[in-house]
Structures are given as structure tokens and as C-alpha cells.
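Below are the chains, spelled out letter by letter.
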Amino acid sequence: MAEETKTDQEKVNVPDLRDKVVQAIKLVYDPEIPVDVYELGLIYEISVYPVNNVYVLMTLTSPNCPSAEAIPSEVKDRIQQIQGINDVEVELTFDPPYSQDMMSEAAKLELGFL
């Protein structure tokens with residue numbers, strides 16, 4: 001009986017978990033730009049599946065980005081640190097290509113585009 005209670009407590013509401021995933025991603029910065037990757041618009045999709053598996057589809061500012069391995073790896077690490085997360089998959093894509101139009105208003109303001 002105690003096992004079932006513990007399992008129920010470990011299950012996190014999907015919207016709450018998605019919010020936690022977004023907050024974790026916002027801790028990851030492109031080393032060349034003082035804005036987090038979420039506000040930069042590099043995250044195309046966040047899906048939370050049953051048993052707390054998370055899938056993230058993201059891009060980089062350029063296919064030749066010097067941090068091409070580091071940024072997706074850090075995104076995955078940050079998400080895996082959330083209590084209750086089971087498995088994390090981060091997929092990198094360049095379709096559609098990144099453009100500055102994908103940035104949030106906050107990122108554009110931070111970078112002086114507004």
C-alpha cells in the first residue's frame with residue numbers, strides 16, 4: 001500500500017510538469033547571446049508524455065553554432081534534474097531555419113531590437 005501512495009505522489013500533473021520543464025529550459029543560455037534559449041525561440045516543441053517522459057524539439061541560431069553539442073546537452077541535463085522526470089529526449093532540427101522573428105518580445109528588448 002505504501003508503494004502505491006509513493007507512486008501517486010511522484011506523478012506530476014502534466015501542465016505543472018510542462019511549466020517546470022519550461023523553467024528548467026530558461027536556465028540554459030546561448031554562450032554568445034545574453035538571453036535564454038527559450039526566449040530566443042530555439043525551442044520548437046515541448047511534449048510531456050505519460051510516465052513523465054519529455055520530448056523537446058529545438059534548433060540552434062546556426063547549423064555552425066560552436067555550442068551545437070553543449071546547448072542541447074545542457075537542456076537535457078536541466079530537464080532531467082526535475083523531480084519526477086522519467087526520460088528526456090532532445091532532438092535538434094534546422095527545419096524551419098531559425099530567424100530573429102522567433103524571439104520573444106523580452107528577448108528582442110534585451111538585445112535592443114525593440
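See above for the structure.
Just so it is clear, the structure is predicted and the values come from calculations on it, not from any experiment.

### As for the side chain of Ser-67
By the secondary structure assignment, Ser-67 is in the loop between strand E2 (53-58) and helix H4 (70-80). According to the relative accessible area criterion, Ser-67 is buried, its value standing at 12%. Excluding its chain neighbours within four sequence positions, the residues that come into contact with Ser-67 are Pro-31 and Pro-72.

### Notes on the packing of helix H2 (residues 14-25) against H4
With their axes 9 Å apart at the nearest point, H2 and H4 run at an angle of 135 degrees to one another. Taken together, the axis directions place H2 and H4 in an arrangement best described as oblique. You can see that H2 and H4 cross each other, and the crossing is right-handed. Contacts between H2 and H4 involve Val-21, Ala-24 and Ile-25 from the first element and Val-75, Arg-78 and Ile-79 from the second. Partitioning the contact of H2 with H4 into residue classes produces 5 nonpolar, no polar and 1 charged.

### Here's the deal with the pairing of E2
The element E2 is largely enclosed, with a buried count of 5 among its 6 residues. Here strand E1 (residues 43-49) runs beside E2; their pairing, made up of 6 bridges, is antiparallel. The partner of Tyr-49 across the bridge, within E2, is Asn-53. Here E1 folds back onto E2, and the loop between the two strands holds 3 residues, one of which, Val-51, carries a positive phi near 65 degrees. Summarising the sheet, E2 and strand E3 (residues 87-92) pair through 6 bridges and their orientation is parallel. Paired with Val-54 across the bridge in E3 is Val-88. With H4 bridging E2 and the parallel E3, this β-α-β connection has right-handed handedness.

### Thoughts on the sheet that holds E1
Backbone-to-backbone hydrogen bonds pair the strands of a sheet. The strands run either parallel or antiparallel. A sheet is described by the order of its strands in space; here 3 strands give the open sequence E1-E2-E3, paired in mixed fashion. The open sheet has two edge strands with one neighbour each: E1 and E3. Neighbour-to-neighbour, the strand axes of the sheet open up by a mean angle of 10 degrees, direction not taken into account. Sheet strands touched by H2: E1 and E2. Its angle to E1, the strand with the most contacts, is close to 140 degrees. The sheet contacts of H4 involve E2 and E3, and relative to E3 the element is tilted by about 160 degrees.

Rules used throughout
- Residues numbered from 1 in each chain as written.
- Predicted model: local features only at pLDDT ≥ 70, side-chain atom pairs only at ≥ 80, totals over all residues.
- Heavy atoms only, no water.
- Helix = DSSP H or I, 4+ residues; strand = E, 2+ residues; numbered from the N terminus.
- Buried < 20%, exposed > 50% of the residue type's maximum accessible area, 1.4 Å probe, protein only.
- Contact = heavy atoms within 4.5 Å.
- Axes fitted to C-alpha atoms, helices over the stretch in contact; angles between N-to-C directions.
- Parallel < 35°, antiparallel > 145°, perpendicular 65-115°, else oblique.
- Left-handed = near helix turned anticlockwise from the far one by under 90°.
- Nonpolar A, V, L, I, M, F, W, Y, C, P; charged D, E, K, R; others polar.
- Pairing = 2+ DSSP bridges.
- Right-handed = clockwise from strand over helix to strand, strands pointing away.

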